[in-house]
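Chain by chain, the residues run as shown.
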Amino acid sequence: MSDNGRLSVALAQIDPALGDRGRNLERHRQWVEQAAETGASLLVFPELSLTGYFLKDLVPDSAIQLDSKEMRDLAALSTKLDVVLGAVIESPDHRYFNASLYFSRGELLHVHRKVYLPTYGMFDEQRYFAPGDRFRSFATPFGRAGMLVCEDIWHLSSAYILSLEGVDMIICPSSSPGRGITTDERLGTAESYALVCRTYAQFLTTFFLYCNRVGFEDGANFWGGSMVIGPNGDIIAQHQDADEALVLATLDLADVRRERLANPLLRDERLELTINELRRVWHERTRKPY
Amino acid sequence: MSAPASLTEPVFPPLAINPELVRGILVGFIKNEVRKVGFERVVLNLSGGVDSSLVAFLATEALGKDNVKALILPYKDSDPKSRSDALEVVAQLGIRHLEIDITPQIDAYLARVPEADQVRRGNKMARERMTIAYDQSVAWRALVIGTSNKTELLLGYGTIYGDMASAINPIGDLYKTQVWQLADAVGVPTAIVQKAPSADLWTGQSDETELGFQYRMIDQLLYYLVERRYTEEELKRQGFDEAFITEIMRRVRENQYKRRLPVIAKLSSRTIDRDFRYPRDWGR
């Protein structure tokens, strides 16, 4: 980040090899080099960027532990710039998580374990992964950030919780398969994600970095469309196509303050009211007879 | 019989597609799924119908004309128009082709089973063409690219291990009426898009006569049934005839086996495809 409060971000819209961690690590190194050359201070890779998405029974074989040589290799990617990447994490009690890792200055700064594991339609994540159990923000060199992995953002509460923690940016690594063909110019999924991401950015007055992968796995296509959205909901940068690309944007971090002065939605949030009402709903639900 | 109005009648709106978007995805699919398993080439059985013609066009765009080989495999009863339409596609695309009259090898077998009815004879031809495609795939180091559309796959209107056999299938998630739209957009000759769909396994065979319904009606019903999960009651309220609903639902259900690998008797703790589940693109 330069002194004038600007942050250069890069989204690496890549096509990971399925179940080949070694090859993917090598490719991460290349993208990190390329992003560093552009002067970016933060580089975001897609969900499960180190392994590919439809792993099925490859999940245990693809996993790494937090205290391992593999993890130190990943941390070493972040000496020139901060790096967010996706990996399968095995806990000491042998549960496997679909995780997003934030590395800064050679260290692991934060881990988000995907909470909402889609298990419907073409998805089967709960068969292979354990769910995360928290949404937490964390301090980065560029302000407060929170991470949500793909399906996490389809649950309003996830981004809402992060926003009440005061995040300046939400980072969403994704492996979203394209589907829904109509006469529209874009796939149904691309339209939906653009709507959701822009809505979050505007409603929560936060930067929103959405990095989706590309390529094909077992016939499913990933549509890319990675985008950087400002706290007023405007798209700052987007790569519409489904090819590998480095999406670059420069954020004026003070835009968050300006937007929250113009639209003090966060100031006016009634957290206690929300908690009380949610507690009431929960009580009423649990007391209902079957 | 009148030709199906594949291009002249309006498309059922929920099945209307943006052909450029679909074309981009399918060309990308062919490139990706062929090359990442170490191949550059594909072979396909080109019947001269709209499905295989569309696949030839998509494969040529994806891999280049030198990497696509069309197999034209007529039987003596095949409609000569099928052959000439296939040759027109070959000429237009500039792709390689191999023509083999399968009559001697089919008749050699049929002489042994003179009682075989049309269905058995048709299946035999479809499977003979499959064995040639797979032999050519080894000879030419190419993948067999499939040409079954979603309507056929759902209705089971195809020969298992015959025309349904392939390594990759770019059009298996497109209904027939969507195949027409895409074929027209990518430049398949209009005469091919507009001719009456036929498996051409015997003279005068017509898909729509054999199925008993028009593709555009079948696709509408399948849209509500498969894509939207309408119940039988809801389908009736939507205005579909009860006998039509019953027949289509029966076909979808009874042909499920054709869309699956053979059933394996479970014995061990990890049975293939039941609890031994790996992606096909494992390590690719």
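Our structure is the block above this text.
This text gives an overview of the structure that appears in the document. (Residues numbered from 1 in each chain as written. Chains lettered and ligands numbered in written order. Predicted model: local features only at pLDDT ≥ 70, side-chain atom pairs only at ≥ 80, totals over all residues. Heavy atoms only, no water.)

This next bit is on the overall build of chain B. For chain B, the helix and strand inventory stands at 12 helices and 4 strands. A globule of 284 residues ought to have a C-alpha radius of gyration of about 19 Å, and chain B, at 19 Å, matches this closely. Here the C-alpha coordinates of chain B stretch approximately 55 × 55 × 50 Å along the principal axes. Among the 284 residues that make up chain B, the fraction classed as buried is 51%. Looking at chain B as shown, the accessible area adds up to about 13,600 Å², and 52% of this sits on carbon and sulfur atoms. Measuring between centres, the 38 positive side-chain charges of chain B sit 7 Å from its 38 negative side-chain charges. (Helix = DSSP H or I, 4+ residues; strand = E, 2+ residues; numbered from the N terminus. Rg over C-alpha atoms; globule rule 2.2 N^0.38 Å. Buried < 20%, exposed > 50% of the residue type's maximum accessible area, 1.4 Å probe, protein only. Areas by Shrake-Rupley, 256 points an atom, 1.4 Å probe, with all protein chains shown as cover. Lys, Arg positive; Asp, Glu negative; His and termini not counted. Charge placed at Lys NZ, Arg CZ, Asp CG, Glu CD.)

Scanning all chains against the criterion turns up 23 aromatic pairs over all chains. Seen from their ring centres, Tyr193 of chain A and Trp223 of chain A are 5.7 Å apart, and the 50° between their planes marks the pair as tilted. Here the residue Tyr193 of chain A occupies a position in helix H6 (residues 188-203), and Trp223 of chain A occupies one in strand S11 (residues 220-223), the gap between them amounting to 30 residues. Classification of Tyr193 of chain A as buried rests on a relative accessible area of 5%. The class for Trp223 of chain A is buried, based on a relative accessible area of 5%. Every member of this aromatic cluster is reached through a ring pair, and the members are Phe12, Phe213, Tyr223, Tyr224, Tyr230, Phe240 and Phe244 of chain B. (Phe/Tyr/Trp six-rings, centres within 6.5 Å; stacked < 30°, edge-to-face > 60°.)

Moving on to the nonpolar core. Judged by nonpolar contacts, the single largest core of 89 residues is most densely connected at Ile153 and Phe208 of chain A together with Ile30, Leu58 and Leu182 of chain B. Among the elements that make up this core, the one with the highest residue count is helix H2 (residues 50-63) of chain B (9 residues). Apart from residues lying up to four places away in sequence, Leu58 of chain B is in contact with Arg23, Leu26, Val27, Ile30, Ile171, Leu182 and Val186 of chain B. Leu25, Ala35, Ala40 and Leu85 of chain A belong to the second-largest nonpolar core, a separate cluster that totals 26 residues. (Core = buried A, V, L, I, M, F, W, Y, C linked by side-chain atoms within 4.5 Å. Contact = heavy atoms within 4.5 Å.)

Another aspect to go through is the side chain of Ser78 of chain A. Checked against the element boundaries, Ser78 of chain A lands in the loop between helix H3 (69-75) and strand S3 (82-90). Dropping the residues within four chain positions of it, Ser78 of chain A is found in contact with Val83, Phe103, Ser104, Arg105, Gly106 and Glu107 of chain A.

Now for unusual backbone geometry. All names here are of chain A. Although it is not a glycine, His94 adopts a positive phi angle of roughly 65°. Mapped onto the elements, His94 comes out in the loop between S3 and strand S4 (96-104). Under the relative-accessibility criterion, His94 is labelled exposed at 51%. Residues other than glycine seldom take positive phi values, yet Cys150 does so here, at roughly 40°. Within the secondary structure, Cys150 sits in the loop between strand S7 (143-147) and helix H5 (156-164). Cys150 gets classed as buried once you look at its relative accessible area, which sits at 6%.

Once that is clear, we can look at the packing of H2 of chain B against helix H7 (residues 176-186) of chain B. The packing of two helices is summarised by the inter-axis angle and the distance between the axes. Residues and elements named next belong to chain B. Packing of H2 against H7 leaves a shortest axis separation of 10 Å and a crossing angle of 45°. By the angle class used here, H2 and H7 are oblique. The two elements H2 and H7 meet at a crossing, and its hand is left-handed. Counted together, Val50, Asp51, Leu54, Phe57 and Leu58 of H2 and Lys176, Val179, Trp180, Leu182, Ala183 and Val186 of H7 form the full contact between these two elements. Across the contact of H2 with H7, the residue classes break down as 9 nonpolar, no polar and 2 charged. (Axes fitted to C-alpha atoms, helices over the stretch in contact; angles between N-to-C directions. Parallel < 35°, antiparallel > 145°, perpendicular 65-115°, else oblique. Left-handed = near helix turned anticlockwise from the far one by under 90°. Nonpolar A, V, L, I, M, F, W, Y, C, P; charged D, E, K, R; others polar.)

The next subject is the pairing of S4 of chain A. Residues and elements named next belong to chain A. Counting buried positions over the 9 residues of S4 gives 9, a clear majority of the element. Of the two faces of S4, the one carrying Tyr96, Asn98, Ser100, Tyr102 and Ser104 and the one carrying Phe97, Ala99, Leu101 and Phe103 are both buried. Note that S3 and S4 share 8 bridges and pair antiparallel. If you follow Val84 over to S4, its bridge partner there is Tyr102. In this structure, the hairpin formed by S3 and S4 is closed by a connection of 5 residues, where His94 is found at a positive phi of approximately 65°. Note: S4 against strand S5 (residues 107-113), 6 bridges, orientation antiparallel. The residue of S5 that forms the bridge with Ser100 is His112. Remark: 2 residues form the turn of the hairpin made by S4 and S5, two consecutive strands paired antiparallel; Arg105 in that turn has positive phi of roughly 50°. (Pairing = 2+ DSSP bridges.)

All names here are of chain B. Packing of helix H4 (residues 103-110) against helix H5 (residues 118-139) brings their axes to within 11 Å, and their N-to-C directions diverge by 135°. Considering the angle they form, H4 stands oblique to H5. H4 and H5 meet at a crossing whose hand is right-handed. Contacts between H4 and H5 involve Gln105, Ile106, Tyr109 and Leu110 from the former and Arg121, Lys124, Met125, Glu128 and Ile132 from the latter. Looking at the contact of H4 with H5 residue by residue, the class counts come to 5 nonpolar, 1 polar and 3 charged.

Right, let's get into the sheet that holds strand S9 (residues 207-212) of chain A. All names here are of chain A. Across the sheet, 6 strands lie side by side as S6-S7-S8-S9-S12-S13; this open sheet has mixed pairing. Of all strands in the sheet, those bounded by a partner on one side alone are strand S6 (137-140) and strand S13 (235-238). Each strand of the sheet is rotated relative to its neighbour by a mean of 20°, with strand direction disregarded. Note: strand S8 (residues 169-174) against S9, 6 bridges, orientation parallel. Looking at S9, one finds that Ser174 is bridged to Asn212.

Let us now look at a nonpolar patch on the surface. A contiguous nonpolar surface patch, about 380 Å² in accessible area, is contributed by Ile264, Ile272, Phe276 and Trp282 of chain B. Structurally, Phe276 of chain B can be placed in the segment after helix H12 (242-254). (Patch = residues over 30% accessible without salt bridge, like charges linked within 9 Å, V, L, I, M, F, W, Y side chains within 5 Å. Salt bridge = Lys/Arg side-chain N within 4 Å of Asp/Glu carboxyl O.)

Attention now moves to the interface of chain B and chain A. The figure often quoted for interface size is the accessible area lost as the parts come together. In this assembly, 25 residues from chain B lie in contact with 27 residues from chain A. The contact between chain B and chain A buries some 1,900 Å² in all, and 55% of this surface belongs to carbon and sulfur atoms. For the pair chain B and chain A, the interface holds 2 salt bridges. Put simply, Arg277 of chain B and Asp124 of chain A hold a salt bridge, and the shortest N to O gap is 3.6 Å. Between the two partners, chain B and chain A, sit 12 residue pairs in polar contact (both at pLDDT 80 or more). Broken down by element, the residue count for the side of chain B that touches chain A peaks at 7 residues, all from helix H1 (residues 19-35) of chain B. Per-class residue counts for the side of chain B that touches chain A are 11 nonpolar, 5 polar and 9 charged. (Buried area = accessible area lost by both parts, 1.4 Å probe. Polar contact = N/O pair within 3.5 Å; in protein donor to acceptor, adjacent residues only side chain to side chain.)

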